[in-house]
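Inside the fold
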Amino acid sequence: MTSPYAGISSDLWSKKTENLIAAYPLSMNELVDVVRLSWDGVFASKIGIKSFQIGKHIFPKPQILAFFLHELIPLELASRYPGIWRGEQSSVDKDVVYIPDESLSMEIKTSSHSNQIFGNRSYAQQGGKGKKSKSGYYLAVNFDKSIKDAPAPRLRRIRFGWLDHSDWQGQVAATGQQARLSTEVERGKLRLLFEDR
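Conventions adopted
Residues numbered from 1 in each chain as written. Predicted model: local features only at pLDDT ≥ 70, side-chain atom pairs only at ≥ 80, totals over all residues. Heavy atoms only, no water. Buried < 20%, exposed > 50% of the residue type's maximum accessible area, 1.4 Å probe, protein only. Helix = DSSP H or I, 4+ residues; strand = E, 2+ residues; numbered from the N terminus. Pairing = 2+ DSSP bridges. Salt bridge = Lys/Arg side-chain N within 4 Å of Asp/Glu carboxyl O. Phe/Tyr/Trp six-rings, centres within 6.5 Å; stacked < 30°, edge-to-face > 60°. Axes fitted to C-alpha atoms, helices over the stretch in contact; angles between N-to-C directions. Polar contact = N/O pair within 3.5 Å; in protein donor to acceptor, adjacent residues only side chain to side chain. Contact = heavy atoms within 4.5 Å.

Glancing now at the pairing of strand β10 (residues 178-181). Here β10 shows a clear split, with A179 and L181 buried on one side and none of Q178 and R180 buried on the other. The pairing of strand β6 (residues 118-120) with β10 spans 3 bridges and is classified as antiparallel. The partner of N120 across the bridge, within β10, is Q178. In this sheet, β10 lies alongside strand β9 (residues 168-170) in antiparallel orientation, the contact comprising 3 bridges. Looking at the pairing, W168 lines up with L181 of β10.

Shown next as structure tokens:
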């Protein structure tokens, strides 16, 4: 897949990002609504016979909150648009699949960091045969950690845009497991849709 940013200087990335978002088959207002509804759904859910509640009785680690968002966001889109959106079903699928044109599918990246997102080291490498491409549309969500006796965790930022696999910078150390984005990439290729400071 050729990058939509190929041959475009970094000072023009923001403009290209706006063009990509304008042509996307889902409005950004609706995408924010889906994320916020999914987030609220996590904390409205009850678990077990005694109806234990996340954020009241259970305080999951960020990875568990991320798991719930990865599941609820595609389910919410599929419930609104049956046969148009669906969740990941195979290793080559993005997290949220746009059925009419899979090139418009998206990955979801979440983080309890205040403003950055991260991938595992494989994001800095081109995907192999039978693996999903690391290039494409990304939904980036930052949120608070869920901590006992602390205020309810909040969504902090929602961003959307296109990232190429080459945008991810793997840790240099052989034991490093993380990939991150440069400030230039985060500013130019991910548009801020929502922020709660």
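All chains considered together, the criterion is met by 12 salt bridges. Between R159 and E186 there is a salt bridge, and its shortest N-O distance comes to 2.4 Å. Here R159, found in strand β8 (residues 155-163), pairs with E186, found in helix α4 (residues 183-189); they are 27 residues apart in sequence, far enough to count as distant. In this structure E186 comes out as buried when scored by relative accessible area, which is 9%. One salt bridge in this structure joins K189 and D167, with 2.9 Å as the shortest N-O distance. Of this pair, K189 sits in helix α4 while D167 sits in the loop between β8 and β9; the two residues are 22 residues apart in sequence, bridging distant segments of the chain. The exposure class assigned to D167 is buried, which follows from its relative accessible area of 8%. Among the charged side chains, a network of salt bridges with common partners joins E30, D33, E76 and R80.

Any two aromatic rings considered together are summarised by their centre-to-centre distance and by the angle between their planes. Going through the model one piece at a time under the given rule, you end up with 11 aromatic pairs. Ring geometry for Y24 and Y137: centres 4.7 Å apart, planes at 55 degrees, overall tilted. Remark: Y137 occurs in strand β7 (residues 136-143) and Y24 occurs in the loop between α1 (13-22) and α2 (28-44); sequence separation between them is 113 residues. Residue Y24 shares its accessibility class with Y137, and that shared class is buried. Taken together, a centroid distance of 5.9 Å and an interplanar angle of 55 degrees make the contact between Y138 and W168 tilted. With a gap of 30 residues between them, Y138 in strand β7 and W168 in strand β9 connect regions that are remote in the sequence.

What follows is about the sheet that holds β6. Spatial strand order, β6-β10-β9: 3 strands in an open sheet with antiparallel pairing. If you trace the sheet from one side to the other, it starts and ends with β6 and β9, each paired once. When strand polarity is set aside, the average angle formed by the axes of neighbouring strands in this sheet is 35 degrees.

Classification of R159 by relative accessible area gives buried; the value is 2%. Polar contacts involving the side chain of R159 include one to the side chain of E186, which spans 2.4 Å.

Turning our eyes to something else, we now look at unusual backbone geometry. Positive phi outside glycine occurs at S51, with the angle close to 55 degrees. The topology assignment puts S51 in the loop between β1 (46-47) and β2 (52-53).

Before going further, it helps to examine the environment of K145. With respect to the secondary-structure elements, K145 resides in the loop between β7 and β8. With 25 residues separating them along the chain, K145 and G170 place their C-alpha atoms 25 Å apart. Not counting the four nearest positions on each side in its chain, K145 is found in contact with P62, S112 and P153.

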